[in-house]
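# Structure at a glance
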Amino acid sequence: MLDADFFRRWLTAAAAAVDRAADRLTELDSPIGDADHGSNLRRGFTAVVAALEKEAPDTPGAVLTLAGRQLISTVGGASGPLYGTLLRRTGKALGDAAEVDEARFAEALRAGVDAVAALGGAAPGDKTMLDALVPALDALGAPDDSSGDTVGGAFGAARDAALQGALATTPLQARKGRASYLGERSIGHQDPGATSSALLFEALAETASGDASEGSRD
Ligand code: ADP
Ligand code: MG
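This section reports on the structure supplied with the text. (Residues numbered from 1 in each chain as written. Chains lettered and ligands numbered in written order. Predicted model: local features only at pLDDT ≥ 70, side-chain atom pairs only at ≥ 80, totals over all residues. Heavy atoms only, no water.)

Attention now moves to the overall build of the protein. The secondary structure content of the protein amounts to eight helices and two strands. Of the regular secondary structure in the protein, the N- to C-terminal order runs β-α-α-α-α-β-α-α-α-α. At 16 Å, the protein has a C-alpha radius of gyration in line with the 17 Å of a compact globule built from 218 residues. A principal-axis box enclosing the C-alpha atoms of the protein has dimensions of 55 × 40 × 30 Å. Across the 218 residues in the protein, those meeting the buried criterion constitute 51%. Across the protein, every contact between residues at least 6 apart in sequence was considered, and the portion connecting residues at least 24 apart equals 68%. Split by element, the accessible area of the protein, about 9,700 Å² in all, is 50% carbon and sulfur. The average position of the 20 basic charges and that of the 31 acidic charges among the side chains of the protein differ by 7 Å. (Helix = DSSP H or I, 4+ residues; strand = E, 2+ residues; numbered from the N terminus. Rg over C-alpha atoms; globule rule 2.2 N^0.38 Å. Buried < 20%, exposed > 50% of the residue type's maximum accessible area, 1.4 Å probe, protein only. Contact = heavy atoms within 4.5 Å. Areas by Shrake-Rupley, 256 points an atom, 1.4 Å probe, with all protein chains shown as cover. Lys, Arg positive; Asp, Glu negative; His and termini not counted. Charge placed at Lys NZ, Arg CZ, Asp CG, Glu CD.)

Laid out in structure tokens, this is it:
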């Protein structure tokens, strides 16, 4: 079962991953954007970690909604409201349960990703964060048999799918967001938002596998 502490550790790991990758995210946002994606997310996730430490929310839903609110209020770019909506809507879907199982989390995340699509009007193939989020979610709902049915296995499959999805944005022409203003010139560049979405799933898999290996030592 996944409790508030699990979600807090996930977002803390995500903040660390964003911090490490910030320069690269900004670099990806240079040719097809305005070179601020890394600094946007670093500012947002720094605020998320500070708020989680200060307020110590005690349910998974409260952790995610607080984090989402921080992203919306601190990130100026398009990605702030989009990621903020993702976390807030996912948190809302989890309600006030003290613990949730993986299936319930996957279902809530589906609501969150649907809200991102509704807010931004994008679909997979438009060269946005959805090109990583949607395949990750699909993998989470239906993990590969060979990866087993443990929490680590499902999250590992989601991490791999998100990374593949991010890499696969390179040959696409952007149809949403700032990059779409470039038309065909957006082709040949990896989408920064899909890349940061892959980082979130990498942090999730890392958090889950840390739990699994702790469990195996019991
Ligand atoms: P901005 O484009 O305002 O500078 P960021 O640079 O922080 O914001 O984020 C850019 C990323 O946001 C893009 O790489 C893309 O993945 C994502 N994005 C932009 N517009 C949309 C949209 N309408 N739907 C989904 N994702 C979007
Ligand atoms: Mg930008």
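A few words on the packing of helix α4 (residues 79-94) against helix α5 (residues 102-120). The geometry of α4 relative to α5 is characterised by a closest axis approach of 7 Å and an angle of 140° between their N-to-C directions. For the crossing formed where α4 meets α5, the hand is right-handed. From α4, P81, L82, T85, L86, R89, T90, A93 and L94 reach across to α5, where they touch R104, F105, A108, L109, A111, G112, V113, A115, V116, L119 and G120. When grouped by side-chain class, the residues that make up the contact of α4 with α5 number 13 nonpolar, four polar and two charged. (Axes fitted to C-alpha atoms, helices over the stretch in contact; angles between N-to-C directions. Left-handed = near helix turned anticlockwise from the far one by under 90°. Nonpolar A, V, L, I, M, F, W, Y, C, P; charged D, E, K, R; others polar.)

Attention shifts here to the site of ligand 1. Near ligand 1 you find 20 residues, and of these D34, N40, A78, S79 and D191 are the closest. At 2.6 Å from an oxygen atom of ligand 1 is found a side-chain nitrogen or oxygen belonging to S79. Separating an oxygen atom of ligand 1 from a side-chain N or O atom of D191 is a distance of 2.6 Å. When ligand 1 sits alone it has 570 Å² of accessible area, and the protein chains cover 92% of it. Those elements giving two or more residues to the shell around ligand 1 turn out to be α2 (37-55), α4 and α8 (192-216). Here the shell around ligand 1 takes three residues from α8, the largest share from any one element. A class-by-class count of the residues in the shell around ligand 1 yields six nonpolar, eight polar and six charged. (Near = heavy atom within 4 Å. Polar contact = N/O pair within 3.5 Å; in protein donor to acceptor, adjacent residues only side chain to side chain.)

Moving on to the coordination of the magnesium ion (ligand 2). Here the magnesium ion (ligand 2) is held by D29 (OD), D34 (OD) and D36 (OD), and the distances to it run 2.0 to 2.3 Å. Here the donor residues of the magnesium ion (ligand 2) share one chain and are spaced in sequence as D-x4-D-x1-D. (Donors = N, O, S within 2.8 Å, 3.2 Å for Na, K, Ca; no water.)

Moving on, we come to the packing of α5 against helix α6 (residues 130-141). It is the contact of α5 with α6, at a shortest axis distance of 10 Å, that shows an interaxial angle of 155°. Looking at the two axes, α5 sits roughly antiparallel to α6. Classified by chirality, the crossing of α6 by α5 is left-handed. Contacts between α5 and α6 involve E102, A106, L109, R110, V113, V116 and A117 from the former and L130, L133, V134, L137, D138 and L140 from the latter. (Parallel < 35°, antiparallel > 145°, perpendicular 65-115°, else oblique.)

A surface patch of like charges, here positive, comprises R69, R88, R89 and K92. A per-element tally of the positive patch places α4 first, with three residues. For R69, the location among the structural elements is in helix α3 (residues 60-74). Overall, R69 belongs to the partly exposed group, its relative accessible area being 43%. (Patch = residues over 30% accessible without salt bridge, like charges linked within 9 Å, V, L, I, M, F, W, Y side chains within 5 Å. Salt bridge = Lys/Arg side-chain N within 4 Å of Asp/Glu carboxyl O.)

On to the packing of aromatic side chains. Within the structure shown, the criterion is met by six aromatic pairs. Ring centres 5.0 Å apart and planes at 85° place the aromatic pair F7 and F105 in the edge-to-face group. With a gap of 98 residues between them, F7 in helix α1 (residues 4-28) and F105 in helix α5 connect regions that are remote in the sequence. Centroid distance F105 to F155: 6.1 Å. Interplanar angle 65°. Geometry classified as edge-to-face. You can see F105 sitting in helix α5 and its partner F155 sitting in helix α7 (residues 151-167), a full 50 residues away along the chain. According to the relative accessible area criterion, F105 is buried, its value standing at 0%. Note on F155: relative accessible area 0%, which makes it buried. (Phe/Tyr/Trp six-rings, centres within 6.5 Å; stacked < 30°, edge-to-face > 60°.)

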